Every structure is written in C-alpha cells, then in structure tokens.
Amino acid sequence: MKNADLSKLMTGLIHHPYTPPAGFDAPQPGVFKASTVYFPTVADMRQREWKDKSAYTYGLHGTPTTYLLEERLCTLEGGAQCLLVPSGLAALATVALALLQSGDELLLPDNAYGPNKALAEGQLRGYGITHQVYDPMDPDDLARKISPRTRLVWLEAPGSVSMEFPDLPAMVRICKTQGVLCALDNTWGAGLAFKPFDLSGHAPSAEPALAVDISAHALTKYPSGGGDVLMGSIITQDPALHLKLKLCHMRLGLGVGANDVEAVLRALPSMGLRYVAQDLTARTLAAWWQAQPQCAQLLHPAFEGAPGHGHWQALCETQTGQGLAAGLFSVMIDARYPQAQVDAFCDALKLFKIGYSWGGPVSLVVPYALGDMRQVWPEHLKRGTLVRFSTGLESAEDLILDLNQALHAHLPLP
Ligand SMILES: *Cc1c(COP(=O)(O)O)cnc(C)c1O
C-alpha cells in the first residue's frame, strides 16, 4: 500500500461514515468509554458544566455509563447524589480526605472495618487528624467522645467480623444533636436490609426522616456479586455535602473503568434475589453451628442472644417485614481448640475457599485473631478463635456436609 493510501485508510477508519440506526433499545445499556469528550466549539467547552450531570466534559468527570450506575445506586440506597470510586476502601478514604483537616478528630467504632482503622492510624494521623475509637454497643460512649474537634463519626451496622449490631438510630440522633457529620459504611445492609436515609422505620411523622449524612458502600460485595470487581460508592442527600466530596474526588483523580461499571450494572437486577438467598443459606448454616458443641458463640445479628440482636430486630424487621441480614456470620470456636487446629479445620474445607471479601457466588472462610484487632476484648464476646463465614450461592445442604467433614476431622469433641 502506498503511503497516501494508508493515510487515507487510517483517516477513513476514524471518520467512518456509517452510523447505526437510532432507537436501539435493549435490556442492557450501551457502555461508553472515554478519556476525551468532544466539544463542538471552544465556547461550548468553556460553558459546559459537569457538576450537575447536565453535560460531559472529560471521562474522569463522568460518562453516560457512570451517570447511569450512580442514579441506580441512589435509587437502591434512597440517596440523591452518588460518587463512584475504585474500591470500597477508596470510598472510606475519600470521605475522610474531603471532610477532615489538620486539627480535626474522627471517631470510629472499635469493630470498624480494619482498613478504615489503618487509614486513620497510618495515614490521617500524619496529616494532623486525630481519631478515637468508641464502643459500638454504647451510644453514651460515643456521646462522651464527641468534642468540639470532632468532625466525622463513622458508623457500621453490624461491625466487621464480630458482627455486633449497634443502636444505629440512637447514634445517628446523637450526631445530629451535636451537629457532627455521620457516615455509615453500608456494605452489609447494601440498601436492602434497612434504609440508611430513613432509619425511623414505618411511623409516619411530620419530622424529617432520621438519616445518615453519608452512606459509603463497597460495591465489590453484593452489587458486583461476582468476586471480580472492585468499586465503591459515596451517597448523600445534601447537595452542598455532595459537592464538597465531589471536588475532592475530582482533585484526587479518582475514576472507575467502564467495563467494571458495566459488570455492576449487569449484576444489580439480580442483587435482591442473591442477597435473600445468601441470607437464607447463612441462617441455615448458623443454626447448624449453634447445635455444635465446638461453637462457643454464634455471631449473627438475626439470632436470639447474638450481640445487638434487639437492635437488628428494631431496625431491620420493621423496615423489611421478616427482616433481612446479609450472608455473613462468625463463629467463636471454643478456646480449648488451639489456633493451629482451627486453621487446619479451615484448610480442610473444600467448598468454602479461604479468602477475603464476600458477596460473590463462592462461600468463603477466614479465621481472625480478634485480640489483635480490638483495643479491648469486649465483655459480650466469649474467648476463643473467631472464624468468619460468608455464604455464596451453593446449596446449604452441600455446605453443611463440607463443614461437618472438616469439623469432625480437625475439631473433635473431647
Ligand atoms: C469489603 C469492605 C470494604 C472495602 O471494600 P473494597 O472494595 O474491598 O476496598 C469496606 N467496608 C466493608 C464493611 C467491607 O466489608
């Protein structure tokens, strides 16, 4: 091919005359990928406003694909504005970086998602931002720890790993009374187990709904559902608060890939069914564990006697009738079994894979050394080795057979 022909071909491939017919409509939305977005004129470039999603300016500021997912997540969680970030942890970090300055203090529950504590200790502290840990089961402790320097309170329901369900409405009320912003890590509830922006339940009242200020969500878990996507969201109801978060998000250059957004958009329609199925399997397995003498304590908020069960009932049963809980629970294995034996039990499981995260199709198991994770060993937790299970989409019967064989092989009764 001559040079001139090649040039023509190259240009022709880019400025191709074919345009598909308009009006294509199908179950899944088209996927738009862009760094560059074209403007018809310089004047248009100077005028375009992206902050209210009325236009497009640059891939990092949003595409039809990201705007669509943001809107669907607002519907899911009952919020008004949404930001997408590359992981659940990035959502927690963006909230902190947008709202905290040197001299401010942050409060975290003692059972907070571990990496959120590590962010405060390892990163925010260096910026002159201090933090304190409060007892998630004692709203008075939270109230006592709020000072004039407190700018942000993190909430989690239930807490990571040990699964205590706090009195979320009481803690949100304390934050509102004291005028401190509260952000909920809503990964467990996922917008399904309770409404983060309407915690007061059914009772119709003239007062505005009791709502968290921010809901952060690891979309990596239930919204993705595949164990193959990392993404997070930050949802708000207050436009001024959203703008503050959005400007920080833009300045940090946080964006998400269109293929990942597509995967989440494709998984969202089945999320409710998956959540209910994984919840049911978790409860079946938890009930089985309760009958095993090796189980010193069952940590699942929907079970009588589990820490915070009454708070779970009050929030989740009124909001969703029968009451939903995610496919997640922990078992405190009796202290008479040494860690090495509990590890061997986990290793012997065949259907349960050893791995972090949850919400995907495959059931997972992780043993945790809780003593290293908490400032104080909580009175409501028995001593022992904690093992966390997350249920996938396998049959509960098969999962119980798997638990049974590993239990009898490695944690025999005396
Ligand atoms: C998994 C998880 C996160 C972090 O999500 P990543 O996408 O893995 O960064 C945050 N909070 C909770 C409660 C989680 O379970």
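The residue count restarts for each chain, going from 1 along the sequence in the order it is written. The model is predicted, so local features are restricted to residues of pLDDT at least 70 and side-chain atom pairs to those at 80 or more, both for listing and for counting; the totals for chains, interfaces and linings are taken over all residues. The basis for every side-chain value is the complete set of non-hydrogen atoms in the structure, without hydrogens or water.

This part takes up the site of the ligand. When at least one non-hydrogen atom of a residue lies within 4 Å of a molecule or strand, that residue is treated as near it. In the region of the ligand, 13 residues are neighbours, and Gly-88, Leu-89, Asp-185, Thr-220 and Lys-221 sit closest. Distance and chemistry together define a polar contact, namely a pair of N or O atoms within 3.5 Å, with one atom able to donate a hydrogen and the other to accept it when in protein, and with adjacent residues in sequence counting only for side-chain atoms on both sides. Asp-185 places a polar side-chain atom, nitrogen or oxygen, 2.6 Å from a nitrogen atom of the ligand. For accessible areas, the Shrake-Rupley method is used with a probe of radius 1.4 Å. Any residue's cover is judged against the shown protein chains and nothing else. Burial of the ligand by the protein chains amounts to 89% of its free accessible area of 380 Å².

A few words on the domain arrangement of the protein. All domain edges in this entry derive from an automatic or database-based domain assignment. Domain annotation of the protein identifies domain 1 (42-269) and domain 2 (272-410). Using C-alpha coordinates to define each centre, domain 1 is positioned 26 Å away from domain 2. Note on contacts: a residue pair qualifies if any of its non-hydrogen atoms lie within 4.5 Å across the two residues. Of the residues lining the interface, 36 residues belong to domain 1; the matching set on domain 2 comes to 38 residues. Between domain 1 and domain 2 lies a buried interface of about 3000 Å² when both sides are counted; carbon and sulfur atoms form 61% of it. If you sort the residues of domain 1 by the area they bury against domain 2, Val-161, Trp-188 and Tyr-222 come out on top, with a joint share of 26%. Salt bridge, as used here: a side-chain nitrogen of Lys or Arg that lies within 4 Å of a carboxyl oxygen of Asp or Glu. Inspection of the domain 1/domain 2 interface yields two salt bridges. For the salt bridge of Asp-110 with Arg-374, the shortest nitrogen-to-oxygen distance reads 3.6 Å. In this structure, the connection of domain 1 to domain 2 is made through ten residue pairs in polar contact (both at pLDDT 80 or more). Residues are grouped as follows: Ala, Val, Leu, Ile, Met, Phe, Trp, Tyr, Cys and Pro are nonpolar; Asp, Glu, Lys and Arg are charged; every other residue, Gly included, is polar. The residue makeup of the side of domain 1 that touches domain 2, split by class, is 18 nonpolar, eleven polar and seven charged. A 1.4 Å probe defines the accessible area here, and the buried area is the portion of it lost by two parts on being joined, summed over both.

One face of the sheet, then the other: side chains in a regular strand alternate in exactly this way. A large share of strand S5 (residues 181-185) lies buried, amounting to four of its five residues. Should DSSP find at least two bridges between two strands, the strands are taken to pair. A run of H or I in DSSP counts as a helix once it spans at least four residues, and a run of E counts as a strand once it spans at least two, with each numbered from the N terminus. Where strand S4 (residues 150-156) meets S5, five bridges bridge the pair, whose relative direction is parallel. Note that in S5 the partner of Trp-154 across the bridge is Ala-183. Assessed by its sense of winding, the connection that carries the chain from S4 through helix H7 (residues 168-178) to S5 is right-handed. Of the pairings in the sheet, the one linking S5 to strand S6 (residues 214-218) comprises three bridges and is parallel in character. Of the residues in S6, the one forming a bridge with Asp-185 is Ala-216. Exposure categories follow from relative accessible area, calculated using a 1.4 Å probe and restricted to protein chains: below 20% of the type maximum is buried, above 50% is exposed, and the middle band is partly exposed. Seen with the strands pointing away from the viewer, any crossover whose path from the first strand over the helix to the second strand runs clockwise is right-handed.

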